[in-house]
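Topology and contacts: notes
One-letter residues, chain by chain:
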Amino acid sequence: NYFTPVQQDFKNVKILITAGGTREPIDPVRYIGNRSSGKMGYAIAEAAAKRGAAVTLISGVTTLTASAGIKVIKVETAKEMQQHVEANFASNDVIVMAAAVADYAVAEVSEQKIKKASEKLSLELVKNPDILLGLGQKKQQNQLLIGFAAETQNLLKYAQDKLQRKNLDMIIANDVSKVNAGFNVDTNIVKIIGKNNLVEDIPLIKKTALASIILDKINKLKTH
Ligand code: CTP
Ligand code: CA
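By the naming in an unreviewed UniProt entry, the chain is Coenzyme A biosynthesis bifunctional protein CoaBC, taken from Pectinatus brassicae.

Here it is, written out as structure tokens:
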């Protein structure tokens, strides 16, 4: 058996990756979650580590485990994710926000289990901080900021808007309404959009293969 060494083109690169979904508690036994599996973010983390990067993975909810050598910080809520991302932001060269961060949290988390008393129950939600937006405002010249956009319509327009608004260097837009794409599957169908709004269509691809393509693109950005 021959072992083909992987090119160490991320040697000396510090990369911060978020993955998986966040969970927002309702009461001691319930939460609001999403269908993110963490597969895309973990695939990027694994590929970057193989290529020589020092990887910090801020992981929301997932059943996945990362290889030894990847520094994993497990979080649950969007606010916890924000704290750890911000604490690690300045010391990293590349930041990839692949996590599915909850847009809203429950306004008042009940200390006791909510009983099924009334016929109707409303939950009041309050907007969570946009972690990536905050990073875009603090980004230094030598840092690269990569985001994802999960859309079910107007994919290109919405993703381009997020790229601009959040001051990103690249965004990977998923059409999550497609069966083999986005949440909780091994494959994805994406458009990769660069700063100059150059759009590349990536047809149905395994998330592991897409991770390599994303890293190739990051590599080009960091050497230019
Ligand atoms: N994101 C974030 N913090 C949030 C919400 C999203 O950092 N509170 C990041 C995601 O990790 C992703 C990017 O922002 O990299 C886009 O997330 P997405 O859910 O597609 O867009 P939103 O800006 O949340 O807008 P909307 O859900 O309304 O489309
Ligand atoms: Ca969102």
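**As for a nonpolar patch on the surface**
A surface patch of nonpolar side chains, amounting to about 260 Å² of accessible area, comprises Y104, L123 and L125. One can find L125 in strand 8 (residues 125-127). L125 gets classed as partly exposed once you look at its relative accessible area, which sits at 38%.

**Thoughts on the pairing of strand 12 (residues 199-206)**
Relative to strand 12, strand 11 (residues 187-194) is paired through 6 bridges, and the arrangement is antiparallel. When the bridges of strand 12 are listed, K191 appears paired with D201. If you look at the hairpin formed by strand 11 and strand 12, you'll find 4 residues sitting between the two strands, and N197 has a positive phi there, around 65 degrees.

**Here we look at the UniProt feature "binding site: CTP" (unreviewed entry) in the chain**
On the UniProt side, "binding site: CTP" (unreviewed entry) is annotated at positions that read D103, K113, P129, D130, I131, L132, F148, K162 and K166 here. Spanning 64 residues, the named residues do not form one spatial group; their C-alpha atoms are separated by as much as 37.8 Å. Taking the annotated residues in turn, D103, P129, D130, I131, L132, F148, K162 and K166 line the largest pocket. Engagement of the side chain of D130 in a polar contact is seen with the backbone nitrogen of L133, the distance being 3.0 Å. With respect to the element layout, F148 can be found in strand 9 (residues 144-151). In this view, F148 contacts M40, I44, V96, M97, A98, I171, I172, N174 and I214; residues no more than four positions away in its chain are not counted.

The rules behind these values
Residues numbered from 1 in each chain as written. Chains lettered and ligands numbered in written order. Predicted model: local features only at pLDDT ≥ 70, side-chain atom pairs only at ≥ 80, totals over all residues. Heavy atoms only, no water. Patch = residues over 30% accessible without salt bridge, like charges linked within 9 Å, V, L, I, M, F, W, Y side chains within 5 Å. Areas by Shrake-Rupley, 256 points an atom, 1.4 Å probe, with all protein chains shown as cover. Salt bridge = Lys/Arg side-chain N within 4 Å of Asp/Glu carboxyl O. Helix = DSSP H or I, 4+ residues; strand = E, 2+ residues; numbered from the N terminus. Buried < 20%, exposed > 50% of the residue type's maximum accessible area, 1.4 Å probe, protein only. Pairing = 2+ DSSP bridges. UniProt positions renumbered as here; feature names shortened; annotations may be inferred. 1 Å grid on protein atoms, 1.4 Å probe; cavity = no way out; pocket = protein on both sides within 12 Å on 5 of 7 lines; lining within 4 Å. Polar contact = N/O pair within 3.5 Å; in protein donor to acceptor, adjacent residues only side chain to side chain. Contact = heavy atoms within 4.5 Å.

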